[in-house]
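# Tertiary structure, described
The lines below spell out each chain.
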Amino acid sequence: MSKSAITVTVKLFAAYQEAFRVSELVLEFPNSIPVKTVCDRLIAEHPELSQWRDITRFGINLIFVEPDTLLQDGDEVVLIPPVSGG
């Protein structure tokens, strides 16, 4: 029997980290969701992040992935918006 929910660790960078004022979140989601759902949830909590939705890159367990990649229980997710600096 499979679990109906998964827990993922979300590492936040740049604008996401500024909005949440933490570098990491541990979140629960329904089973079999794409990684882009993590971004959608964060934007629902902080609508000012919506400008980054279409240009954020996703990583799962240190590998860049497409937005439709499905999450597994225990995954580490990174959301990486464009950053600037010198």
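For the structure, check the block above.
To keep things clear, this report deals only with the structure shown in the data block. Values in this document were obtained by computation on a predicted structure and should not be read as measured data. (Residues numbered from 1 in each chain as written. Predicted model: local features only at pLDDT ≥ 70, side-chain atom pairs only at ≥ 80, totals over all residues. Heavy atoms only, no water.)

## Observations regarding the overall build of the protein
- A count of helices and strands for the protein gives 2 helices and 5 strands.
- When the helices and strands of the protein are placed in sequence order, the string is β-α-β-α-β-β-β.
- Relative to the globule expectation of 12 Å for 86 residues, the C-alpha radius of gyration of the protein, 13 Å, shows essentially globular dimensions.
- For the protein, the spread of C-alpha atoms along the principal axes amounts to about 50 × 25 × 20 Å.
- Residues classed as buried in the protein amount to 34% of the 86 residues present.
- Summing over all exposed atoms, the protein offers an accessible surface of approximately 5,400 Å²; the carbon and sulfur share of this is 53%.
- Each charge class in the protein was averaged separately, 7 positive and 12 negative side chains, and the resulting centres sit 1 Å apart. (Helix = DSSP H or I, 4+ residues; strand = E, 2+ residues; numbered from the N terminus. Rg over C-alpha atoms; globule rule 2.2 N^0.38 Å. Buried < 20%, exposed > 50% of the residue type's maximum accessible area, 1.4 Å probe, protein only. Areas by Shrake-Rupley, 256 points an atom, 1.4 Å probe, with all protein chains shown as cover. Lys, Arg positive; Asp, Glu negative; His and termini not counted. Charge placed at Lys NZ, Arg CZ, Asp CG, Glu CD.)

## Side note on the nonpolar core
- The biggest cluster of nonpolar side chains holds 23 residues, and the ones touching the most others in it are V10, V38, L42, L71, V77 and L79.
- Elements with a minimum of two residues in this core: β1 (5–12), α1 (14–20), β2 (24–30), α2 (36–45), β3 (57–60) and β5 (76–80).
- Ignoring any residue separated from it by four or fewer positions in sequence, one finds V10 in contact with S23, E24, L25, L27, V38, L42, V77 and L79. (Core = buried A, V, L, I, M, F, W, Y, C linked by side-chain atoms within 4.5 Å. Contact = heavy atoms within 4.5 Å.)

## Here we look at the pairing of β1
- Only one face of β1 is covered, namely the one carrying I6, V8, V10 and L12; the face carrying A5, T7, T9 and K11 has none of its residues buried.
- Where β1 lies against β2, 7 bridges are found, and the strand directions are antiparallel. Each bridged residue has a counterpart across the sheet, and for T9 the counterpart in β2 is V26.
- Pairing of β1 with β5 involves 4 bridges; the strand directions are parallel. What sits directly across from K11, in β5, is V78. (Pairing = 2+ DSSP bridges.)

## Quick notes on the environment of I55
- Examined against the element boundaries, I55 turns out to sit in the loop between α2 and β3.
- Along the sequence, I55 and P82 sit 27 residues apart, while their C-alpha atoms lie 7.1 Å from each other.

## Details of the side chain of T56
- Locating T56 in the fold gives a position in the loop between α2 and β3.
- Of the residues examined, T56 reaches a relative accessible area of 8% and is grouped as buried.
- Of the polar contacts made by the side chain of T56, one reaches the backbone oxygen of W52; its length is 2.7 Å.
- Not counting residues within four places of it along the chain, the set of residues in contact with T56 comprises Y16, L79, I80 and P81. (Polar contact = N/O pair within 3.5 Å; in protein donor to acceptor, adjacent residues only side chain to side chain.)

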